[in-house]
Every structure is written in structure tokens, then in C-alpha cells.
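Architecture at a glance
This is what each chain is made of:
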Amino acid sequence: MGCFFSKKSKRKAKEEQTPTALESNAGSNSVPLGSSSDEAPKQYSWDTREKVDPKDYMLNGLKDTTVGRLPGTLKGQQLVIQDCENCNIFVFDHSATITVDDCVNCRIFLGPVKGSVFFRDCKDVHCVVACQQFRTRDCKKMEVFLCCATQPIIESSTGMRFGCFQFYYPELAFHFKDAGLSIFNNNWSNVHDFTPVSGENNWSLLAETAAVLDSVPPPGPESEFKAVRVSGDTSRSIVPLTRGGRRKDSEESCLFVFFAGDYTTANARKLIDAMIEKGFLLIQTKEVAMRPEDVKRVFQNDNADLLEWSTKGSVTALELNGDGVVDACRTIANEVFNGSKVFVSENKSTSSRDVDNFFNFADMQMGL
């Protein structure tokens, strides 16, 4: 019982424009019966829509250059990147979907993507990606600093290395929200190899000391993106740095859950910073919705306050690890978060069960 406190072939894009009936008749001088030539033409909703040029949403056939999109220029549209070589590509905006085809020796940053990011036939690419779904096919030697809401998938790909998303620019938190992504739902290390080879490892985890800006350097002083204030400092990253699937340092873990409130995200970040400063490790995080019956089953408790809190919105859960972590979490819950709605593992003997129960539930809810 716990304690309660009050993510192979050259592809050529075809652009086809089919004239509408209105456009086809635009040059006609005929006047329909019963109508006057002096009447103003009827205005339709599609006539007032902003015209979209597909070329504005493609980066194609580029070499030895720095390109991309500044904040507020993509505005949730899809983007196609293809046939680029030795390029630095920065997409400092949110988007719908992004495909990256036939790119070689490129450094790529992709801001939050509401749907899927799909790399195909790419080689020697280093990237930073935040998305709902991540997939590669026929790729070789990629480094990926990833935030992915679902399980990343590689197919017919080799030499793939993954690390936790670590990045900051001023608009990034808003772009996560616009893309409908939670900074706490990151399955970066839970990679599924769709085409495994017996006796070989097609993917691995980057070293914990790997620095994102060493892999994907920030825009240079002569770039049009130089005004974007980029940071790879883990303490400033919008997405918390989690240990993921790496081996835990201690057998003792603690479950710390924040129920919905006005400052849930800020409180979770405050807790993470405090615990990291004390030398503990953040293993994983999740943000999911819970019903009262879920609360009873997961926490094995029918506390009335806990059941009511679960109806107010999603819960944010953290697994923290290290010798003495349970006592440290309980202390900070009493001293710092006494006025917040939280659940904290009660003791070392039950904390592992708390962690397993909650994250197994969360993975099932998210289809992992």
C-alpha cells in the first residue's frame, strides 16, 4: 500500500493539379438563365482558403547546405525530405507527418510530429526526433535521439543506435502541445526489430555520456536559423532524460504519481530535478488516464480521495531508482508536495510491486 499526499529506390514526387469545375468555367462568357451578368459571383469556403504549394513542404535534392523551417512556418502540415546529401536540416516547428527518403550523411532535427516519422533508404544520418510513431526501413548507421509515444520500429535496418531525446528551444513546449504529444510518454529504448537476424544486433543504445549536440550540432552563425536559441543541456530539455532499458544501478525503485492539477507538469519537473541532484536516477515516466476501477486494481487501494482524484484528468507517474529512494521520495512528498495530490510507494518491500503494477497498466493502455 502506498502513501497519498494532499515516438529502395529513388522516389520522385508527382504533383498533380486537377482543375475544379469552377476553374474550368472561369473563362466562359455564358450567363446562366435567370442570372444577371452584373451579379457578384457566389463565394465558397474553399475560395477563401490559403493556397498551399506542395513545394513549400518538400526539401528535395539538396547537397552541402543548411535548410529547414523556422518556428511558425510549417504549422502542422506534412513534410517530405528526400535525396539530400551532407545537409544540416532543422525543422523548428510541429508537423503532421514527415518522411525522409534516400538521405546520406545528414544531420536532422525534427520538431514534434503529431503522426509518424518514416526514414527509408537512409545512411549515416544523425537525428533528433519527437513523434507519435517512428519507423525505419532499409537504413544503415543512424544515431537517433528519440521521443516516441509508441514503440519504435526498425525494418531491414542495421547499425541503428538510440538515445533519449534531449533538446530545447523556446517554442518547443508549445509545439509538443500542438502536436498532441506528452513529454512524459517516451518509449525511446523499447525498440522492435521487425526483421531480426539470428546472432546479430541491428540496434543498440547510445552511451549514456552521448551528447546530442555532438551528434546534431546547432545552426551556425551564418545560418538563417541562428536566432533560434537551441540548447542540448539535459537540465533544460523539454523531455526528461530517462535511463530507459539500461540496467538499473539499484534493486530499489519508487513509484511517484502526480494526479491532475494546475501545476502537475511543473511539480513533476521539480521532483525530477531534486532527485537527480540527490544522485537518484529517473528510469521511466508515463502520462495516462485512469478510471476509479483502474486505481483500485493498480494501487490496490480504495481510498476515497484517490478515487476522486483519478476523475480529474491524466496522472503523471515516475519511476525513480537508487538505494534509499523510497525514503527520499516520501520525505520530499511531505516537505515540498504536501499540498499536491500524489501517490508515493510506502516502503521498500512493496515499491517494486507498485512500479510493476502501474507501468504494466500504462503500457497496456497505450498498446505497448
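Everything here concerns the structure above.
The rules behind these values
- One numbering rule holds for all chains: residues counted from 1, following each sequence as written.
- A pLDDT threshold of at least 70 governs which residues receive local features in this predicted model, and a stricter bar of 80 or more applies before side-chain atom pairs are shown or counted, although totals over entire chains, interfaces and linings include all residues.
- As a convention, hydrogens and water are excluded, and side-chain values are obtained from all of the structure's heavy atoms.
- Paired strands are those between which DSSP finds at least two bridges.
- The way it works is that DSSP assigns letters per residue, a run of H or I at least four long becomes a helix, a run of E at least two long becomes a strand, and they are numbered from the N terminus.
- Stacked, edge-to-face and tilted are the three classes for Phe, Tyr and Trp ring pairs, Trp counted by its six-membered ring, which pair at centre distances within 6.5 Å; planes under 30 degrees apart are stacked, over 60 edge-to-face, the rest tilted.
- Buried residues are those whose accessible area, probed at 1.4 Å on protein chains only, stays under 20% of the maximum for their type, while exposed residues exceed 50% and partly exposed ones sit between those limits.
- Each ring is checked for a lysine NZ or an arginine CZ that lies within 6 Å of its centre and within 35 degrees of its normal; such an atom marks a charge sitting over the ring.
- Buried Ala, Val, Leu, Ile, Met, Phe, Trp, Tyr and Cys residues form a nonpolar core when they are joined through side-chain atoms within 4.5 Å.
- By definition in these notes, contact holds between two residues if any of their heavy atoms fall within 4.5 Å.
- Polar contacts, as used here, are pairs of N or O atoms within 3.5 Å; protein pairs need one atom able to donate a hydrogen and one able to accept it. Residues neighboring in sequence count only if both atoms are side-chain atoms.
- In this description, a line fitted to the C-alpha atoms serves as the axis of each element, helices being fitted only across the stretch in contact, and the angle between N-to-C directions of two axes falls anywhere from 0 to 180 degrees.
- Roughly parallel covers angles under 35 degrees, roughly antiparallel covers those over 145, roughly perpendicular covers 65 to 115, and oblique covers all other angles.
- Left-handed describes a crossing whose near helix is turned anticlockwise from the far helix through less than a right angle; right-handed describes the clockwise counterpart.
- Residue polarity is assigned by list, with Asp, Glu, Lys and Arg as charged and Ala, Val, Leu, Ile, Met, Phe, Trp, Tyr, Cys and Pro as nonpolar; anything else, Gly included, falls into the polar class.
- This arc describes the spread of directions from the helix axis toward the C-beta atoms.
- Every case where a carboxyl oxygen of Asp or Glu lies within 4 Å of a side-chain nitrogen of Lys or Arg is listed as a salt bridge.

1. As for the pairing of strand β4 (residues 79-82)
Direction of pairing for strand β2 (residues 58-60) relative to β4: parallel, over a ladder of 3 bridges. Each residue of the ladder has a partner; that of Met 58, found in β4, is Val 80. As paired strands, β4 and strand β6 (residues 98-101) are joined by 4 bridges and run parallel to one another. When the bridges of β6 are listed, Val 80 appears paired with Thr 99.

2. Section: the packing of aromatic side chains
This structure, assessed with the given rule, holds 20 aromatic pairs. Both rings, one in Phe 134 and one in Phe 162, keep their centres 6.1 Å apart while their planes meet at 85°; by these two values the pair is edge-to-face. Here Phe 162 lies in strand β11 (residues 158-164) and Phe 134 lies in strand β8 (residues 123-137), a separation of 28 residues in the sequence. Among the residues examined, Phe 134 registers a relative accessible area of 2% and is labelled buried. Seen from their ring centres, Phe 162 and Trp 203 are 6.3 Å apart, and the 80° between their planes marks the pair as edge-to-face. With Phe 162 in strand β11 and Trp 203 in strand β13 (residues 203-205), this pair connects stretches of sequence that are 41 residues apart. Between Arg 120 and the ring centre of Phe 118, over which it is positioned, the NZ or CZ distance is 5.1 Å.

3. Concerning the nonpolar core
Counting 44 residues, the largest nonpolar core has Phe 165, Phe 176, Phe 256 and Leu 271 as its most contacted members. Among the elements of the structure, β8, β9 (140-148), α2 (172-178), β14 (253-258), α4 (264-277), β16 (315-321), α7 (325-335) and β17 (342-344) are those that each provide at least two residues to this core. Broken down by element, the residue count for this core peaks at 6 residues, all from α7. If sequence neighbours within four positions are ignored, Phe 165 has contacts with Phe 109, Val 128, Val 129, Ala 130, Phe 145, Leu 146, Cys 147, Leu 172, Phe 176, Asn 186, Ser 237 and Val 239.

4. Observations concerning the environment of Asn 347
Mapped onto the fold, Asn 347 is located in the loop between β17 and α8 (348-365). A residue is classified by how much of its surface remains accessible, and Asn 347, at 28% relative accessible area, is partly exposed. C-alpha separation for the pair Asn 347 and Arg 330, spaced 17 residues apart in sequence, amounts to 9.1 Å. At a separation of 3.1 Å, a polar atom in the side chain of Asn 347 contacts the main-chain amide nitrogen of Thr 350.

5. Remarks on the packing of α4 against α7
Where α4 contacts α7, the axes come no closer than 11 Å and their chain directions differ by 135°. With respect to their mutual orientation, α4 and α7 come out oblique. Note that α4 runs across α7; the crossing there is right-handed. Listed contacts from α7 to Leu 271, Ala 274 and Met 275 of α4 are Val 325, Ala 328, Cys 329 and Ile 332.

6. Here's the deal with the pairing of strand β7 (residues 107-120)
Judged by how many residues are buried, β7 sits mostly within the fold: 12 of 14 residues are covered. Sheet analysis places strand β5 (residues 88-91) next to β7, joined by 4 bridges and oriented parallel. Counted as the bridge partner of Phe 90 is Phe 109 from β7. In this sheet, β7 lies alongside β6 in parallel orientation, the contact comprising 4 bridges.

7. A look at the packing of helix α5 (residues 292-299) against α8
The angle between the axes and the distance between the axes are what describe a pair of packed helices. Closest axis-to-axis distance for the α5/α8 pair is 9 Å, and the angle between their directions is 140°. Our classification of the angle between α5 and α8 gives oblique. Each of Asp 294, Arg 297, Val 298 and Phe 299 in α5 lies in contact with α8, whose residues at this interface are Asn 357, Phe 358 and Phe 361. Split into classes, the residues belonging to the contact of α5 with α8 amount to 4 nonpolar, 1 polar and 2 charged.

8. A closer look at α5
Among all positions of α5, only Asp 294, Val 295, Val 298 and Phe 299 are buried. Along the axis of α5, the buried positions cluster into a sector of 100°, meaning they face one direction only. The elements touched by buried residues of α5 are β14, α6 (304-309), β17 and α8.

9. Considering the pattern of salt bridges
For the structure shown, the criterion picks out 12 salt bridges. Note that Arg 243 is salt-bridged to Asp 249, the shortest N-O span being 3.0 Å. Residue class for Arg 243 comes out buried when judged on its relative accessible area of 10%. Salt bridges linked by common partners bring Arg 291, Glu 293, Asp 294 and Arg 297 together as one network.

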